[in-house]
Amino acid sequence: MGLDDISDELLLEIVNFVKIGGCNRDLSHLSSCSQHLNRVTTPILYRDILQIGQQNLPLLLFTILKKPDLAEYVLRYESSEFEDGELDISGFSEEQLEMCHESIKALKISKEDESEWFSRVQQGEWQALTTLLLLNLPKLKELDLASYRNFADFQDPKPDAGPLNFLFRKAAGRQTSGDKSAPSLSNLETVSVAYSGTEMGLGFEDVIPLLELPSVTSFVVHKLDGSAEFDIHPTTQFNARKLEVIYSSIEPDALTRFLQRFPSLEDLWYEHAGAIVGCMEFLPQTLGAGIQHLKHSLRSLEIFGDPEDTHDDERALAVGSLVDFEKLVDISTMQITLLGPSDGHGEDSEDDTKPIHLWNVLPKSLVRLTLIDCNLGIL
C-alpha cells in the first residue's frame, strides 16, 4: 500500500508527525510526491512559518505574491530582524520586484509613502519586506518577532512607510473604521516581541503601535525599557486581555500609567530586570495603583523582581490589598512584594508601620498562591 492509498485522516497524522520534527524541508519534499500528498500537506506546511535564514524572508514573500492562495494557510509567523536590518535581494528579478510594487500600490496610500516603501524594499530592508509579507497574510493570527531592535525607527524616528510601526498604525485605522481586508490585519490576535540587543531594551514608542491594533488580545514583550516620558494620547486604550512584560524595566510612574491603558486585562505578568535593561527602581505599590481598575476582570497576577528601597525619596511598599479582586484565582510573587519590606514577625523595624498579613490582602476567589523567599511564620 502506497501513501496515496492511505486515508486523509491517517495521512494527516503522518504529516503532523513530520511537522513536529521542526523541519519544513522534509514536509516540503513529502508534499511534492503526488497531488494527493500535496493537497493534504500544503496547509500544514504553511500553517506555522519560522523564518531563520536571511534569504528565507524574500523567498517566502515572492512565493506568497506569486501564489496568494497559499497565504490563506498561514496562521503563525515567527521572524528575526538581522543585525544591519538589510537583506541581500540582488538575485531577484525585476518581475519579482514589480510584484512587490503592485502589492504596495494596492494599498492606495500616498505616492510619497508608496515610493518610500518600495525604495526600502529595493534596498532589502527587513522591516519593509516583513510589512509587505504581513499585508498579504489575511488569516494570520499570531506574530512572533523573536529578535527585534526596530533598526528602521532607530535610524530615523520619522514613521516613514515600510517599518512595522507604520503598518500597525495603518492597520489600526482600518480596523477602527470596520475594514476587515488583509491590510487591516483583522485576524491578528497574538503579538510577541523580544529585544535583540544585550543592553537596554525596546522603548514604549516601539511597542505601543503594536498594542494599539484593536484585534490584539494577547501581548508579550521581552526587555522593555519604559521611560516615564512616553507620550500617548490621553484616550488611548489597549484591548489586550493577556499581558506579559518579561525581563523589563519600567519607571514607577510610567508603570502605573501604562497598566491603566488596559481596561479588560485578565492575565498580567511583570518581571523587573533593573538597571540591566533600564530603570533600576521597582516600587510594587505603583504596579498596584495601575491595576485598581481591574478588580472585576483580573484572573492571574505574576510579579517578579527585587523592590528597591527608595525612588525619589519614596520607599518601596507592598503591592497593596487584592481583597476586592473578585476573579483573581492565581498569584505568584515574592513575599516582600505582596506584604511589604517589614514582615512583622519579630524583626526590628525602624518605623511604626503595622505588619501586613496574608488574610488582609488576598481575595476570597484565590485558588493558588505561590510566594518566593518566604519567612518562617508567614502564616
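Residues numbered from 1 in each chain as written. Predicted model: local features only at pLDDT ≥ 70, side-chain atom pairs only at ≥ 80, totals over all residues. Heavy atoms only, no water.

Enquirer: Could you give an account of the overall build of the chain, naming the residues involved and the relevant values?
Expert: Check the secondary structure of the chain and you find 14 helices and 13 strands. Burial status across the chain gives 49% buried among its 379 residues. If you sum the accessible surface of the chain, you get close to 18600 Å²; carbon and sulfur atoms cover 50% of it. (Helix = DSSP H or I, 4+ residues; strand = E, 2+ residues; numbered from the N terminus. Buried < 20%, exposed > 50% of the residue type's maximum accessible area, 1.4 Å probe, protein only. Areas by Shrake-Rupley, 256 points an atom, 1.4 Å probe, with all protein chains shown as cover.)

Enquirer: Can you tell me about the nonpolar core, naming the residues and giving the values?
Expert: Membership of the largest hydrophobic core comes to 93 residues, with the highest contact counts inside it found for Trp-117, Val-121, Phe-219, Leu-287 and Ile-291. Per-element accounting of this core gives the leading share, seven residues, to helix H7 (residues 126-135). Contact partners of Ile-291, with chain neighbours within four places excluded, come to Leu-259, Leu-268, Leu-298, Leu-301, Leu-322 and Phe-325. (Core = buried A, V, L, I, M, F, W, Y, C linked by side-chain atoms within 4.5 Å. Contact = heavy atoms within 4.5 Å.)

Enquirer: Give me the lowdown on the side chain of Arg-261, citing residues and values where you can.
Expert: Mapping Arg-261 onto the fold places it in the loop between helix H11 (252-259) and strand S8 (267-272). Among the polar contacts made by the side chain of Arg-261, one reaches the main-chain carbonyl oxygen of Thr-236 at a distance of 3.1 Å. Setting aside residues up to four positions removed in sequence, Arg-261 forms contacts with Ile-232, His-233, Pro-234, Thr-235, Thr-236, Gln-237 and Phe-238. (Polar contact = N/O pair within 3.5 Å; in protein donor to acceptor, adjacent residues only side chain to side chain.)

Enquirer: Tell me about the pattern of salt bridges, residues and numbers included.
Expert: Enumeration over the complete set of coordinates arrives at 13 salt bridges. Measuring nitrogen to oxygen at the nearest pair gives 3.5 Å for the salt bridge that ties Glu-244 to Lys-242. When its relative accessible area of 34% is taken as the criterion, Lys-242 is described as partly exposed. By sharing partners, the salt bridges in this structure join Asp-48, Arg-76, Glu-78, Glu-142 and Asp-144 into a single network. (Salt bridge = Lys/Arg side-chain N within 4 Å of Asp/Glu carboxyl O.)

Enquirer: Could you give an account of unusual backbone geometry, with specific residues and numbers?
Expert: Its identity is not glycine, yet Lys-223 carries a phi of approximately 70°, on the positive side. One non-glycine residue, Asp-373, adopts positive backbone phi at about 60°. Its location among the elements puts Asp-373 in the segment after strand S13 (368-372). According to the relative accessible area criterion, Asp-373 is exposed, its value standing at 57%.

Enquirer: How would you sum up the packing of helix H4 (residues 56-66) against helix H5 (residues 94-105)? Please name residues and give values.
Expert: Two elements in contact, H4 and H5, have axes whose closest approach is 10 Å; the angle formed by their N-to-C orientations is 70°. Classified by the angle between their axes, H4 and H5 sit roughly perpendicular to one another. Along this stretch, H4 crosses H5, giving a crossing that reads as left-handed. Only Gln-96, Leu-97, Met-99, Cys-100 and Ser-103 of H5 make contact with H4, whose side of the interface consists of Leu-61, Phe-62, Leu-65 and Lys-66. (Axes fitted to C-alpha atoms, helices over the stretch in contact; angles between N-to-C directions. Parallel < 35°, antiparallel > 145°, perpendicular 65-115°, else oblique. Left-handed = near helix turned anticlockwise from the far one by under 90°.)

Enquirer: Can you explain the environment of Leu-135? Please cite residues and give values.
Expert: Tracing the chain through its elements places Leu-135 in helix H7. A C-alpha to C-alpha distance of 8.7 Å links Leu-135 and Ser-103, two positions 32 residues apart in sequence. In contact with Leu-135, other than residues within four places in its own chain, are Leu-107, Trp-117, Leu-167, Ala-182 and Pro-183.

Enquirer: How would you summarise H7 if you had to cite specific residues and measurements?
Expert: Counted residue by residue, H7 has ten buried out of ten residues, so it is predominantly covered. Those residues of H7 not exposed but buried are Trp-126, Gln-127, Ala-128, Leu-129, Thr-130, Thr-131, Leu-132, Leu-133, Leu-134 and Leu-135.

Enquirer: Describe in detail the environment of Val-319, supporting the description with residues and values.
Expert: As for its position among the elements, Val-319 is in the loop between strand S11 (314-315) and strand S12 (330-334). Ignoring any residue separated from it by four or fewer positions in sequence, one finds Val-319 in contact with Pro-284, Gln-285, Leu-287, Gly-288, Ile-303, Thr-337 and Leu-338.

Enquirer: Give a detailed account of the environment of Lys-223, specifying residues and quantitative values.
Expert: Of note, Lys-223 is situated in the loop between strand S5 (218-222) and strand S6 (225-226). Sequence spacing of Lys-223 and Glu-199 is 24 residues, and the spatial spacing of their C-alpha atoms is 9.1 Å. Discounting chain neighbours no more than four positions away, the residues touching Lys-223 are Tyr-195, Gly-197, Thr-198, Glu-199, Met-200, Gly-201, Leu-202, Ile-246, Tyr-247, Ser-248 and Val-277.

Enquirer: I'd like to hear about the packing of aromatic side chains, residue by residue, with values.
Expert: One pass over the structure, following the stated rule, counts nine aromatic pairs. Ring geometry for Phe-204 and Phe-258: centres 5.1 Å apart, planes at 45°, overall tilted. Residue Phe-204 is found in helix H10 (residues 204-211), and its partner Phe-258 is found in helix H11; the two are separated by 54 residues along the sequence. The exposure class of Phe-204 is buried, given its relative accessible area of 2%. Residues Trp-269 and Phe-304 carry aromatic rings whose centres are separated by 5.4 Å and whose planes lie at 55° to one another, so their mutual orientation is tilted. Placement of the pair is Trp-269 in strand S8 and Phe-304 in strand S9 (residues 300-304), with a sequence separation of 35 residues. Residue classification places Phe-304 among the buried positions, given a relative accessible area of 18%. Members of the aromatic cluster, joined through ring pairs, are Phe-204, Phe-238, Phe-258 and Phe-262. (Phe/Tyr/Trp six-rings, centres within 6.5 Å; stacked < 30°, edge-to-face > 60°.)

Enquirer: Quick one: what's the story with the side chain of Ser-249, residue by residue and with numbers?
Expert: Looking at where Ser-249 falls in the secondary structure, it is placed in strand S7 (residues 242-250). A distance of 3.5 Å separates the side chain of Ser-249 from the backbone oxygen of Cys-279, its partner in a polar contact. Excluding residues that lie within four positions of it along the chain, Ser-249 makes contacts with Leu-224, Asp-225, Gly-226, Tyr-270, His-272, Ala-273, Gly-274, Val-277, Gly-278 and Cys-279.

Enquirer: Just give me the short version of the confidence of the model for the chain, but keep the residues and values in it.
Expert: When the pLDDT values of the chain are averaged, the result is 85; 82% of them are 70 or greater. Per-element averaging of pLDDT across the chain places helix H8 (residues 151-155) at the bottom with 48 and S5 at the top with 98. Residue range residues 153-158 is modelled with pLDDT below 50. Its contacts to residues more than four positions away, or to other chains, number four contacts. With pLDDT under 50 throughout, residues 343-351 is counted as low confidence; its partners more than four residues away or in other chains account for nine contacts. (pLDDT = per-residue confidence, 0-100.)

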